[in-house]
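Descriptive structure summary
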Amino acid sequence: MNLLIWFQVFLILFQRDFYKNFTSYCDKIIDDNPNSIFWARTPSPGSIIFALRVVKRKKDLIHHICGDAKETWRDNKYKGIFKIVAFLFSKIVIAQQKKIISNKQTINLTSGSKLFNFSKKYSPKTHQFLDVISNGINQNEIQIKNTFVFTFIGRIVDDKGIFELVDAFNEVLQNNRLKCNLHIIGDGPDFNKLKNFISQKEIKSEIKLFGIKNHDQISNLLRVSSCVVIPSKTNEGFPRVIFEAWAHLVPVIISNIG
């Protein structure tokens, strides 16, 4: 999460009576549903607070750990005092997650091996969670492609390695006679920066920015893909796009992250 967003969260949390009102709201939800199993998706601050209220009331909880707060502070986007703040905040988040994980009435679902190993240390009730939404294709639907198409699907942000991907694609075209295209699907805070970055490359005509696409449109783009590339630089769980690519019989190239 961007540090500016975290600061905004801090400002909200420390508003007068905010925490009291928020926990009262959480308690009301829990009390109004006495026989329910509750779900919390951490490490977002609101979800951590809600999960802790469920634990305090000794209710059953499904705890989905979808992000690694432990290493976030190491990101190069944090400098100086901001890195110290990010480090301290990550320690607080991890401490609260451990309380939730180790609760006897909590079942922990994790994405990826790193989060699984972290949770397993504190609770045997830890399982891998695979979140898949894809119709996929069968063998007979494979299209013969005259052009090798690399595809990126995700948030357009530096952490995802998108700029390195463009440079790598540039090198592939310079050193091979393959006819290649790079399809980039998604949007994010660095979209305009990426657009300008590509405009300075000689290979700009071979790169296409699609922006945000719905599920069916992504499926159609995967059908013409030769491989999906996930060049993330910071820890990932198990991105859904891997399963979506596999469901379309498309191989995946990934960085050794998470």
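Now for a description of the structure that goes with this document. (Residues numbered from 1 in each chain as written. Predicted model: local features only at pLDDT ≥ 70, side-chain atom pairs only at ≥ 80, totals over all residues. Heavy atoms only, no water.)

Here's the deal with the overall build of the protein chain
The criterion, for reference: Each helix corresponds to a stretch of at least 4 residues labelled H or I by DSSP, and each strand to a stretch of at least 2 residues labelled E; elements are numbered beginning at the N terminus. Accessible area is worked out with a 1.4 Å probe on protein chains only. A residue is then buried under 20% of its type maximum, exposed over 50%, and partly exposed in between. In what follows, a contact means two residues having at least one pair of non-hydrogen atoms within 4.5 Å. Accessible surface is estimated by sampling points in the Shrake-Rupley manner with a 1.4 Å probe; for residues, cover comes only from the protein chains shown.
Helix and strand counts for the protein chain come out as nine helices and nine strands. Expressed as a percentage of the 258 residues in the protein chain, the buried residues total 41%. Look at the contacts in the protein chain between residues 6 or more apart in sequence, and 67% of them connect residues 24 or more apart. For the protein chain, the accessible area works out to roughly 15,100 Å², and carbon and sulfur atoms hold 55% of it.

What to know about the sheet that holds strand 3 (residues 106–110)
Filter applied, for reference: Strand pairing is defined by DSSP finding a minimum of two bridges between the two strands. Angular values range over 0 to 180 degrees, each being the angle between N-to-C directions of two axes fitted as lines to C-alpha atoms, with helices fitted over their stretch in contact.
As summarised here, the arrangement of the four strands in space is 1-2-3-4, forming an open sheet in which the pairing is parallel. At either end of the open sheet lies a strand with only one pairing partner, and these are strand 1 (38–42) and strand 4 (126–128). Across the sheet, the mean angle separating the axes of adjacent strands is 25 degrees when strand polarity is ignored. Looking at chain direction, strand 2 (residues 61–65) and strand 3 are connected through five bridges and run parallel. Bridge pairing in strand 3 links isoleucine 65 to threonine 110. Strands strand 1, strand 2 and strand 3 of the sheet are contacted by helix 3 (residues 45–56), whose axis makes an angle of about 145 degrees with strand 1. Contacts from helix 5 (residues 113–120) reach strand 2, strand 3 and strand 4 within the one sheet, and its direction differs from that of strand 4 by about 170 degrees.

Let's talk about the environment of serine 47
Under the convention used in this document: By the criterion applied in these results, polar contacts are pairs of N or O atoms within 3.5 Å in which, for protein atoms, one can donate a hydrogen and the other can accept it, and in which residues neighboring in sequence qualify only through two side-chain atoms.
Tracing the backbone through its elements, the reader meets serine 47 in helix 3. Between the C-alpha atoms of serine 47 and histidine 63, which are 16 residues apart in sequence, the distance is 9.4 Å. Polar side-chain contacts of serine 47 include one of 3.0 Å to the backbone oxygen of arginine 41.

Looking at the sheet that holds strand 5 (residues 148–153)
Taken in spatial order, the five strands of this open sheet run 7-6-5-8-9, and their pairing is parallel. A strand with exactly one partner marks an edge of an open sheet, and here the two such strands are strand 7 (207–211) and strand 9 (252–254). Adjacent strand axes in the sheet meet at a mean angle of 25 degrees when their direction is disregarded. The strands touched by helix 6 (residues 162–175) within the sheet are strand 5, strand 6 (180–185), strand 7 and strand 8 (227–230), with strand 6 carrying the most contacts at an inclination of about 170 degrees.

Some words on a nonpolar patch on the surface
This is how it is decided: Like charges are joined within 9 Å and nonpolar side chains (Val, Leu, Ile, Met, Phe, Trp, Tyr) within 5 Å, but only among residues with over 30% relative accessible area and no salt bridge; these make up the patches. The rule for a salt bridge is simple: a side-chain nitrogen of Lys or Arg has to be within 4 Å of a carboxyl oxygen of Asp or Glu.
Together, Ile81, Phe82, Ile84 and Leu88 make up an exposed nonpolar region whose accessible area comes to about 390 Å². Here leucine 88 shows up in helix 4 (residues 81–102). Residue classification places leucine 88 among the partly exposed residues on the basis of a relative accessible area of 48%.

Some remarks on the pairing of strand 8
Our working definition: With strands facing away from the observer, any crossover in which the path from the first strand over the helix to the second runs clockwise is taken as right-handed.
Burial along strand 8 is two-sided: the face carrying Cys227 and Val229 and the face carrying Val228 and Ile230 are both buried. Here two bridges tie strand 5 to strand 8, and the two strands are oriented parallel to one another. Looking across to strand 8, one finds that phenylalanine 150 is bridged to cysteine 227. The parallel pair strand 8 and strand 9 is bridged by helix 9 (residues 240–247), and the resulting crossover is right-handed.

Some words on the packing of aromatic side chains
The line we're drawing: Working definition: a ring pair exists when centres of Phe, Tyr or Trp rings (six-membered ring for Trp) sit within 6.5 Å. Plane angles under 30 degrees give stacked, over 60 give edge-to-face, the rest tilted. Working rule: Lys NZ or Arg CZ, within 6 Å of ring centre, within 35 degrees of ring normal, means a charge sits over the ring.
Taken as a whole, this structure holds seven aromatic pairs when the rule is applied. Aromatic pair phenylalanine 148 and phenylalanine 150: ring centres 4.9 Å apart, planes at 55 degrees, arrangement tilted. Note on phenylalanine 150: relative accessible area 14%, which makes it buried. Their ring planes at 85 degrees and their centres at 5.3 Å tell us that phenylalanine 163 and phenylalanine 197 sit as a pair that is edge-to-face. Linking phenylalanine 163 in helix 6 with phenylalanine 197 in helix 7 (residues 191–199), this pair joins segments that are 34 residues apart in sequence. In this arrangement the basic side chain of lysine 193 is found over the ring face of phenylalanine 163, its NZ or CZ atom lying 5.1 Å from the centre.

Things to note about the environment of isoleucine 65
Mapped onto the fold, isoleucine 65 is located in strand 2. Accessibility expressed as a relative area gives 0% for isoleucine 65, which makes it buried. Sequence spacing of isoleucine 65 and arginine 41 is 24 residues, and the spatial spacing of their C-alpha atoms is 6.0 Å.

Observations regarding helix 8 (residues 215–223)
Threshold: Directions pointing from the helix axis toward each C-beta atom define the arc.
Within the sequence span of helix 8, burial applies to Ile218, Ser219, Leu221 and Leu222. On an axial view of helix 8, the arc spanned by its buried residues comes to 165 degrees, and they lie on one face. Buried residues belonging to helix 8 abut strand 5, strand 6, strand 7, strand 8 and helix 9. The opening residue of helix 8, the one whose side-chain oxygen lies 3.2 Å from the backbone nitrogen of aspartate 216, is asparagine 214.

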